[in-house]
Amino acid sequence: MADFRTALVRIIPFLLLQYVSKSEGFITNRPLIVTAILGKPYVMEHYDMTGRMGNDRYKGFSVDLLEKIAVLANFTYEIRLVPDNQYGVKIDKNGSGNWTWTGMIGEVIRNKADLTMGDIAVTRAREQVVDFTYPFMTSGLTILARRSKAKSIRSVADLAGQTEIKYGVVAGGSTYQFFKSHKFDPFRRMYEFMMNNSDDCFVRSYEEGVHRVHESNGRYMLIAESNLVDYAVSQNCNLTSIGREFTSTGFAIAVKTGSDLREKISRAILSLKEDHVLSELREKWWEGGQNSCRMSEGWTDSGVQVKLSMESLIGAALLLAWQFRRTSK
């Protein structure tokens, strides 16, 4: 009997902790593991790492966003960089029919992480193996080019109709998958061109692509998400974007299929959107630097308003789609 009382005394505080945690909205009594990938301006390491430990080693749009989400959803977390430095694609390991997922998506699937952080795009293939929250940002695709050499190319159709200037994407990323899966011209023809010139077209990272554009003297252009292109242009006055955005995708946080994190984090993102916190973070990390580059391109107040209104329309469409998926599950 004494042993029973002793055991009861020991377990009651634990049970009370679980009850209080649930009643006050705590998601878990342990820090959530966040898998992340380095990429400007979403997740970056501080230049001076002296005295910095844990999550304090990182900065960027997604770092600020996660900090605010954690406050609203009431959880703590630990950021860990993904070992293979990939977002996540499905591959046949060793050609043996043993299909597996790489990158951050693979970390979530294998329970090595609770959620992702960074500019990970929502794709149909990824949605089959993980759940995505409401998107915190939308983006189309556009072309990054050297400013002085961009006059002969005005659109993606112009780029596809020539072979003198090489162009490419980040290998294995969502933009690569867009071209690979497309069955119609000019995108199908562009994918075939890139595959036939893979060494000259594909890059391992967005940063490598930007560097190649800058150093190629107009002989190479990078196709990437417009948010990344906008950031590159704002930081380097020798670069510019070409043509209108084509296609559209959302950036969101991936969690394990069926996890209640999806609902809690989505509500936090919607709250931050309604309170204009998302737009403030966007301004901080994109507009807070060198705006002279954009102004020299002839950007006007009306032009910026048109861009923002289009993003608002895309965001509204994504909200409706997300709500439909949530109610249909």
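Rules used throughout
- Residues numbered from 1 in each chain as written.
- Predicted model: local features only at pLDDT ≥ 70, side-chain atom pairs only at ≥ 80, totals over all residues.
- Heavy atoms only, no water.
- Buried < 20%, exposed > 50% of the residue type's maximum accessible area, 1.4 Å probe, protein only.
- Helix = DSSP H or I, 4+ residues; strand = E, 2+ residues; numbered from the N terminus.
- Phe/Tyr/Trp six-rings, centres within 6.5 Å; stacked < 30°, edge-to-face > 60°.
- Lys NZ or Arg CZ within 6 Å of the ring centre and 35° of its normal.

A.B. asks: A description of helix 10 (residues 226-235) should follow, citing residues and the corresponding values.
C.D. replies: With respect to burial, helix 10 is a largely interior element, nine of its ten residues being buried. Restricting attention to buried positions, one finds in helix 10 the residues Ser226, Asn227, Leu228, Val229, Asp230, Tyr231, Ala232, Val233 and Ser234.

A.B. asks: Give a description of the packing of aromatic side chains that names residues and reports values.
C.D. replies: By the definition in use, this model includes 15 aromatic pairs. With a centroid separation of 6.1 Å and 85 degrees between ring planes, the pair formed by Tyr42 and Phe61 is classed as edge-to-face. Linking Tyr42 in the loop between strand 1 (32-36) and strand 2 (44-45) with Phe61 in helix 2 (residues 61-73), this pair joins segments that are 19 residues apart in sequence. For the pair Tyr42 and Phe61, one class covers both residues: buried. Note on Tyr42 and Phe251: the rings are 6.2 Å apart at their centroids and 90 degrees apart in plane angle, and the pair reads as edge-to-face. Placement of Tyr42 in the loop between strand 1 and strand 2 and of Phe251 in strand 12 (residues 239-251) is noted, with a sequence separation of 209 residues between them. Summarising the burial analysis for this pair, Tyr42 and Phe251 share the class buried. Following the ring pairs from residue to residue traces out a cluster consisting of Tyr42, Phe61, Phe136, Tyr231, Phe251 and Trp286. A cation over a ring is seen here: Arg212 above Tyr220, with NZ or CZ 5.1 Å from the ring centre. The positively charged end of Arg282 is found above the aromatic ring belonging to Trp286, 4.5 Å away from the centroid.

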